[in-house]
Structures are given as structure tokens and as C-alpha cells.
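Here's the letter readout for the chains.
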Amino acid sequence: MHPDQDTAPPIPRQRPSVLRWLGYAMGAGLPARHHTWVLFDTTTRTWVLRHVARTLVQLAVPVALVLLLVPGPFWIRGLAALGGLILGLAFSIAYMPEATENRVKKAGYPAGTAQALRDRASAGRDARDSERRRAAAAKRAARYRDRRAR
């Protein structure tokens, strides 16, 4: 929870504008009105895809610079840019939880908040999946019992 949310009513989630999001993707912080959105962005079901999208935005600048400014044949520049892109994505994915926690801390939440919310959501999904599998198994068992009774 956000420190101010203990006594205050919940703050509505407000998505940043495109320019603010580009700054956010590059590592800048967002104003307080977007802090609940930052928590949502780092804990929603698609948080991994969102992290990869932010990484691709960050890597677009050096890739463009390599393609445009480095002398030599385009195929060499293209392969260099591709290698940098692959390496950048590998490092970004390796440090994904830490990077998202840093974004959440910038938004004013305690360290570990995003991971705790993702863990809680995962436990809820696991419980629902388990219940669904139990119900399906009970249905199959009843069908099997009905066949054997004939």
C-alpha cells in the first residue's frame, strides 16, 4: 500500500500522457497523480510485456544511433545494432524484478511492494486454477462412476 493510503480514500489510477510515458520508459519519475498507475504497471498480469516494451523504447536510441552514425556497410551496422538489442534485452530481462521495484520505489511505495502484490495475485490465480482442476476431476470421476454403474 502507498504510505498515504492508510487513512486517505483510494487514489484513482491515471495513465500518463504519451510524452510522460516516454520519459517514464527512459527512467524518469512520474508526478504523484500517476503513482497508482506505476504500481498497476509493474504488477498487472502483463507486467513482463510492459517491461519489455519500456526496454525496447530505451534501446531504440542507441540502435538508431548505430544505424545512422556508425560508418560502414549497412549490414554490419544492422548486425551490430541487432547484437546490442539482444544483449540489452537479455540484461533487462535478467534484472526485471529489480528494475520494476526501483520504479515502484520512485513512486513512493516501500521496497518489495510490487513483488508482494504479484505474489498475492499469483496465489489467487493458483487457488482458482486448483479449484477449477478439482471441479473438472470431480466431474470426470462422476462420469466414470456413471459408466461403471451401467
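Everything quoted here is computed from the prediction, not taken from an experiment.

Turning our eyes to something else, we now look at the environment of Trp-75. Among the secondary structure elements, Trp-75 is positioned in helix H4 (residues 74-94). Assessed through its relative accessible area of 59%, Trp-75 is described here as exposed. Taking the C-alpha atoms as reference points, Trp-75 and Gly-29, 46 residues apart in sequence, are found 37 Å from one another.

On to the pattern of salt bridges, then. The full count for this structure, using the stated rule, is four salt bridges. When the shortest N-O distance is used, the salt bridge between Asp-129 and Arg-132 registers 3.9 Å. With Asp-129 and Arg-132 both in helix H6 (residues 113-149) and three residues apart, this pair spans about one turn of that helix. Looking at Asp-129, the relative accessible area reads 30%, which means it is partly exposed. Across the salt bridge formed by Glu-131 and Arg-134, the nearest N and O atoms sit 3.3 Å from each other. On the criterion of helical spacing, the pair formed by Glu-131 and Arg-134 is a turn pair, its members being three residues apart in helix H6. A residue is classified by how much of its surface remains accessible, and Glu-131, at 44% relative accessible area, is partly exposed.

Conventions and cut-offs
- Residues numbered from 1 in each chain as written.
- Predicted model: local features only at pLDDT ≥ 70, side-chain atom pairs only at ≥ 80, totals over all residues.
- Heavy atoms only, no water.
- Helix = DSSP H or I, 4+ residues; strand = E, 2+ residues; numbered from the N terminus.
- Buried < 20%, exposed > 50% of the residue type's maximum accessible area, 1.4 Å probe, protein only.
- Salt bridge = Lys/Arg side-chain N within 4 Å of Asp/Glu carboxyl O.

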